[in-house]
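Chains, contacts and geometry: an overview
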Amino acid sequence: MRTRIRVEGVVQGVGFRPFVHALANRYRLGGLVGNDTGGVFIEIEGAVADVRAFRSALHREAPPLAVIERVTADSVPARGETRFVIAPSAPGGERQTLIAPDSATCADCLRELFDPADRRYRYPFLNCTNCGPRFTIIRDVPYDRPMTTMADFRMCADCAREYHDPADRRFHAQPVCCPACGPAPRLVAADSSPVVGDPVDTAAELLADGAVLAIKGLGGFHLAVDAAHDGAVTALRSRKHRADKPFALMARDLEAAHRLGEIGPAEERLLTGAARPIVMLRRRPEAPVAAGVAPGNHFLGVMLPYTPLHHLLLDRLAGPIVLTSGNVSDEPISYVDAEAYLRLASIADGFLTHDRAIHIRTDDSVTRVWRAREYPIRRSRGYVPRPLPVDWTFRRPVLACGAELKNTFCLGKGRYVFVSHHIGDLENYETYRSYTEGITHFTRMFDVAPALVAHDLHPEYLSTKYAKEVGGVELLGVQHHHAHIASCLADNGEAGPVIGIAFDGLGLGTDGTIWGGEFLVADLTGFTRHGHLAPVPLPGGTAAITQPWRMAAAHLDAAFDGAPPADLAVIRRNAAQWDTVLSVARAGVNSPLTSSAGRLFDAVAAVLGVRDRINYEGQAAVELEQVADRASMRGYPVRLTGTAASGVEPFVVEAGDLVRAVVEDRAAGTPVPTVAARFHRGVAGAVAAGADRIREVTGLDTVALSGGVFQNLLLLDATADLLGERGFRVLTHHRVPTNDGGLSLGQAAVAGAVDASRRRCL
Ligand code: ZN
Ligand code: ZN
Ligand code: FE
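Residues numbered from 1 in each chain as written. Chains lettered and ligands numbered in written order. Predicted model: local features only at pLDDT ≥ 70, side-chain atom pairs only at ≥ 80, totals over all residues. Heavy atoms only, no water.

1. Examining the coordination of the iron ion (ligand 3)
Definition in use: Coordination shells were defined by N, O and S atoms within 2.8 Å of each metal, extended to 3.2 Å for Na, K and Ca; water is absent from the atom set, which can make sites look incomplete. Only DSSP runs of H or I with at least four residues qualify as helices, and only runs of E with at least two residues qualify as strands; both kinds are numbered from the N terminus onward. Using a 1.4 Å probe on the protein chains alone, a residue whose accessible area is under 20% of its type maximum counts as buried, one over 50% counts as exposed, and one in between counts as partly exposed.
Distances from the iron ion (ligand 3) to its protein donors, namely His-480 (NE2), His-484 (NE2), Asp-504 (OD), Asp-504 (OD) and Asp-740 (OD), fall within the range 2.0 to 2.6 Å. If you list the donors of the iron ion (ligand 3) from N- to C-terminus, the spacing comes out as H-x3-H-x19-D-x235-D. Pair noted here: His-484 is in helix α13 (residues 480-491) and Asp-504 is in strand β24 (residues 498-508), with a separation of 20 residues, a long-range link. Using a relative accessible area of 3% as the deciding quantity, one classes Asp-504 as buried.

In structure tokens, the structure reads:
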């Protein structure tokens, strides 16, 4: 008998064939192994016990980067083969292969990198089957060297020997290379003229001297400076037009990271894992970084080196470096050399680059730990395109287009969702282009021809417009906050119904107003709006997003029935425009109503003098959280008014109670940190009260928390505590972000569920 085995999952580009080859030799089996567009196929023949042992070891000992999703087997007549070979890749057929994410340099490669006797000593591009670039260099499937940006490099005899030796760690490692045959680093000045000397060593010297360098990484260019160098950090901020938004740091190793922030076991796992995200660490007061790195922030975003180039560079430096995306203000990061030279010439004093092309622009991932579990902020490099398994089967392939800000899209097929890398804010041509190209690339890589396309209800989002231009597909509009709750459900492998609380920036509601402080009862197929924050005008529309003082005007007007105390500092600071903005808001001119929780946080931040104008998204709320005194345990009371949850009208959470309490408490001389904390706890109390109200009517006792406002850990802690005390089961995000970066997963989940339920009805 000859056994034919098919293995599906992340099994290409992760050393699976050499692993199978070694295993077959161990058990003296004849046959073959190969890649095709469906995954890995194996044929073995030998003694029955050996075949059995092989099959069990296949699971038990699989390579570190492999994820086996499914193994199927059947029998065919024996051919009497005793030799085991690796078959050439078979093109064509349906593509189901899963592609591995980019992966940090492994321990074996790291040893070689710093071993003077090794032929790859200090070679910035060494890699093996267990590590190295993947997603960012793959042009097409099946994953083989000619389909990657390594196609241009011809392997030397030594590399070819390793590549063809089943006993070697680099057996069939597609990006394998060495100083003799692979990419080379290059240091060029701002005018693109070459700089003499060892590129990495010279770059380190320049950084130590305070230079700003553009450095080509896995998914794009970073801008780097010595993190302890005040002048360099200040120069980077002003040249990049980035006023306050924190910079990420790269520390040379775990020990250096410990000097920057507090690291628990979960943070350590994330910092040292193969994905190497930026991990938010509670900052140590004595952290050796310039004040301008993360002004006024209690957290530092820290990552460890993930390419050999990073390891070599950090090895030559005394301390951590700032490593921030290589772009000007809100543009997407540069990833093509020629274009980087143009766009970054006014920022960088030099470029540390190389001649291996990046095929897909991919930002660093950002994550944090909440209650010992991962709570992602941006899921991108190192995570993508690893599929998220789901608990249902898509009847038809789905494309979910995502929202406008922090956009990701995703594809749903079979039992998987492929959430894209972070695309960014769809507000300029360059970002939109990487969005459309990204969708084309994903549909090709995963062989998905979407039949159902899910999109946000907002007609002006570029993602919505894209959906409407696809043509020949069925469209499904998914309400923004329903998508948030569905995302949280899918993230947790649940289908609902649940009490879904979506506290968010802005998202178009089904009644034409702008929602964002929503109490829903939702499952994957639908939702009912049971309650919401009291709506106020959004004075001047989008102007209110960047000018929190406008939200203060709207909320004060509502809370004090048009007559807030005239001596408030926020009114005095903005006296020149205050009355105009108020009259515009009252008249409803370019001032749609919104129940947004994010805008309520903005209003209170302005009332407390924390921030009137922002220069990055969410800044006012971030700073309000930072300023709050966590030790203060009391929260302001909030009333719920309106019809009971079973009625036609949703209940209203009287946000004005909070705004009045903030003003009065402050007038009584209570310090800002205490007031900020009491406000946070007041909002948490309102969430719990709303959940109680819905439980009374529906009997549901699971609450899903989603939306960008829940990036606020003080609010999340307080809310989860209160809900827990009341006996609710609380669902939060762990695999995709709670912000709009996780929205496409929710849209895909809704599309899959709606499609399935419709077909059941037919
Ligand atoms: Zn390696
Ligand atoms: Zn070589
Ligand atoms: Fe949102």
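Right, picking up where we left off after that structure.
2. Things to note about the coordination of the zinc ion (ligand 1)
What counts here: Between 85 and 135 degrees for all angles marks four donors as tetrahedral; over 155 degrees for opposite donors together with 65 to 115 for all other angles marks four donors as square planar and six as octahedral; every other arrangement is irregular.
Those donors, Cys-106 (SG), Cys-109 (SG), Cys-128 (SG) and Cys-131 (SG), are the protein atoms that reach the zinc ion (ligand 1), and they lie 2.3 Å from it. Around the zinc ion (ligand 1), the four donor atoms are arranged such that angles at the metal cover 103 to 120°; this shape is classified as tetrahedral. Binding-site remark: the zinc ion (ligand 1) is held by donors from one chain whose sequence spacing is C-x2-C-x18-C-x2-C. Take Cys-106: its relative accessible area is 14%, and that puts it in the buried class. Accessibility expressed as a relative area gives 0% for Cys-109, which makes it buried.

3. Section: the domain arrangement of the protein chain
It is common to report an interface's size as the accessible area lost on association of the parts. Going by this rule: Domain start and stop positions are those given by an automatic or database domain assignment. Whether two residues are in contact is decided by their heavy atoms, any of which lying within 4.5 Å being enough. Reported buried area values correspond to the accessible surface (1.4 Å probe) lost by two parts on association, with both partners' losses combined.
Segmentation of the protein chain into domains returns domain 1 (2-97), domain 2 (185-366), domain 3 (387-492 + 743-761) and domain 4 (498-733). A straight line from the C-alpha centre of domain 3 to that of domain 4 covers 28 Å. Across the contact, 24 residues belong to domain 3 and 28 residues belong to domain 4. Overall, the association of domain 3 and domain 4 removes approximately 2100 Å² of surface from exposure, summing both partners, and the carbon and sulfur fraction of that is 69%.

4. Considerations on unusual backbone geometry
A cis amide bond links Val-384 with the next residue in sequence, Pro-385, at an omega value of 5°. Topologically, Pro-385 is positioned in the loop between β17 (373-374) and β18 (388-389). The omega torsion across Gly-496 and Pro-497 is 5°, close enough to zero to call that bond cis. Within the element layout of this structure, Pro-497 appears in the loop between α13 and β24. If you check the backbone angles, Ser-192 has positive phi at about 65° while not being a glycine. The topology assignment puts Ser-192 in the loop between β6 (185-189) and α5 (199-208). Judged by relative accessible area, Ser-192 falls into the partly exposed class, the value being 37%. A positive phi angle is found at Ala-372, which is not glycine, with a value near 70°. Secondary-structure assignment places Ala-372 in the loop between β16 (369-370) and β17. Classification of Ala-372 as exposed rests on a relative accessible area of 58%.

5. Describing the packing of helix α18 (residues 597-607) against helix α19 (residues 619-627)
In plain terms, the rule: Think of each axis as a best-fit line through the C-alpha atoms, taken over the contacting stretch in the case of a helix, with angles from 0 to 180 degrees between the N-to-C directions. Note on convention: the crossing is left-handed when the near helix lies turned anticlockwise from the far helix by less than a right angle, right-handed when the turn is clockwise. Any residue outside Ala, Val, Leu, Ile, Met, Phe, Trp, Tyr, Cys, Pro, Asp, Glu, Lys and Arg is labelled polar, Gly included; the first ten of those are nonpolar and the last four are charged.
The geometry of α18 relative to α19 is characterised by a closest axis approach of 8 Å and an angle of 60° between their N-to-C directions. Seen along the crossing, α18 lies across α19 with a hand that is left-handed. Contacts from Phe-601, Asp-602, Val-604 and Ala-605 in α18 reach Ala-620, Ala-621 and Leu-624 in α19. Grouping the amino acids of the contact of α18 with α19 by side-chain chemistry returns six nonpolar, no polar and one charged.

6. A word on the pairing of strand β8 (residues 221-226)
For clarity, the threshold we go by: A pair of strands is considered paired only if DSSP assigns at least 2 bridges between the two.
Extensive coverage of β8 is indicated by the burial of six of its six residues. By the bridge criterion, four bridges tie strand β7 (residues 213-216) to β8 in an arrangement that is antiparallel. By the bridge assignment for β8, Leu-213 is matched with Ala-224. Connecting β7 to the next strand, β8, in antiparallel fashion are four residues. Here five bridges tie β8 to strand β13 (residues 321-325), and the two strands are oriented antiparallel to one another. If you follow His-222 over to β13, its bridge partner there is Ser-325.

7. Brief notes about the packing of α18 against helix α21 (residues 672-698)
Note the following rule: Throughout this description, any angle smaller than 35 degrees is read as roughly parallel, any larger than 145 degrees as roughly antiparallel, any in the 65 to 115 degree range as roughly perpendicular, and the remainder as oblique.
In the contact formed by α18 and α21, the axes pass within 11 Å of each other and the chain directions differ by 160°. One way to sum up the angle between α18 and α21 is to call them roughly antiparallel. As for how α18 packs across α21, the hand of that crossing is right-handed. Contact residues: α18 offers Leu-600, Phe-601 and Val-604, while α21 offers Phe-679, His-680 and Val-683. For the contact of α18 with α21, the residue count by class is five nonpolar, one polar and no charged.

8. Considering the packing of aromatic side chains
Operational definition: Only Phe, Tyr and Trp rings are paired, with Trp represented by its six-membered ring, and only when their centres lie within 6.5 Å; those with planes under 30 degrees apart are stacked, over 60 edge-to-face, the remainder tilted. Geometrically, a charge over a ring is one whose NZ (Lys) or CZ (Arg) sits within 6 Å of the ring centre while staying within 35 degrees of the ring normal.
Considering all chains together, one arrives at 20 aromatic pairs under this definition. Ring geometry for Tyr-123 versus Phe-125: centroids 5.7 Å apart, planes at 70°, classification edge-to-face. By way of ring pairs, the aromatic residues Phe-135, Phe-409, Tyr-416, Phe-418, Tyr-432, Tyr-435, Phe-442, Phe-446 and Tyr-466 are connected into one cluster. For the cation-ring pair, Arg-415 lies above Tyr-416, with the distance from its terminal atom to the ring centre recorded as 5.8 Å. The ring of Trp-515 carries Arg-529 above its face, with NZ or CZ at 3.9 Å from the centroid.

9. A closer look at α18
Quick note on the threshold: N or O atoms within 3.5 Å of each other form a polar contact, as long as, within protein, one can give a hydrogen and the other can take it, and as long as residues adjacent in sequence are counted only when both atoms are side-chain atoms.
In terms of burial, α18 is a largely internal element, 11 of the 11 residues being buried. Considered for burial, the residues of α18 that qualify are Ala-597, Gly-598, Arg-599, Leu-600, Phe-601, Asp-602, Ala-603, Val-604, Ala-605, Ala-606 and Val-607. The N-capping residue of α18, defined by a side-chain oxygen 3.2 Å from the backbone nitrogen of Gly-598, is Ser-596. Immediately beyond the C-terminal end of α18, within one or two residues, lies Gly-609, with a positive phi of roughly 75°.

10. Section: the sheet that holds strand β20 (residues 410-413)
Spatially, six strands are ordered β18-β21-β20-β19-β22-β23 in an open sheet, and the strand pairing comes out mixed. At either end of the open sheet lies a strand with only one pairing partner, and these are β18 and β23 (474-478). Summarising the sheet, strand β19 (residues 398-400) and strand β22 (residues 452-456) pair through three bridges and their orientation is parallel. Paired with Val-398 across the two strands is Leu-452, which belongs to β22. Running over the sheet, helix α12 (residues 462-470) touches β19, β22 and β23 and is turned about 155° from β22.

11. Focus: the pairing of strand β14 (residues 350-354)
For β14, a buried count of five out of five residues is recorded, marking the element as mostly surrounded by other parts of the structure. Neither face of β14 is open: one carries Gly-350, Leu-352 and His-354, the other Phe-351 and Thr-353, and all of them are buried. With five bridges connecting them, β6 and β14 associate as antiparallel partners. When the sheet's bridge partners are listed, Pro-185 is paired in β14 with His-354.

12. Considerations on α19
Of all the nine residues making up α19, seven are buried; the element is thus mostly covered by neighbouring parts of the structure. Looking only at α19, the buried set comprises Gln-619, Ala-620, Ala-621, Glu-623, Leu-624, Glu-625 and Gln-626. On its buried side, α19 packs onto β12 (299-303), α15 (548-559), α18, α21 and α22 (713-725).

13. Overview of the sheet that holds strand β2 (residues 30-36)
Strands sit in the order β4-β1-β3-β2-β5 across an open sheet of five strands; the sheet is mixed. Because the sheet does not close on itself, it has two edges, and the strands there are β4 (67-76) and β5 (84-86). Strand-to-strand twist across the sheet, computed as the mean angle between neighbouring axes with direction ignored, equals 15°. Examined bridge by bridge, strand β1 (residues 2-10) and β4 share nine bridges and lie antiparallel to one another. Of the residues in β4, the one forming a bridge with Gly-9 is Ile-68. Packing of helix α1 (residues 16-26) onto the sheet brings it into contact with β1, β2, β3 (39-45), β4 and β5, and relative to β5 it is tilted by some 175°. Against the sheet, helix α2 (residues 48-60) engages β1, β3 and β4, with an angle of about 0° to β1.

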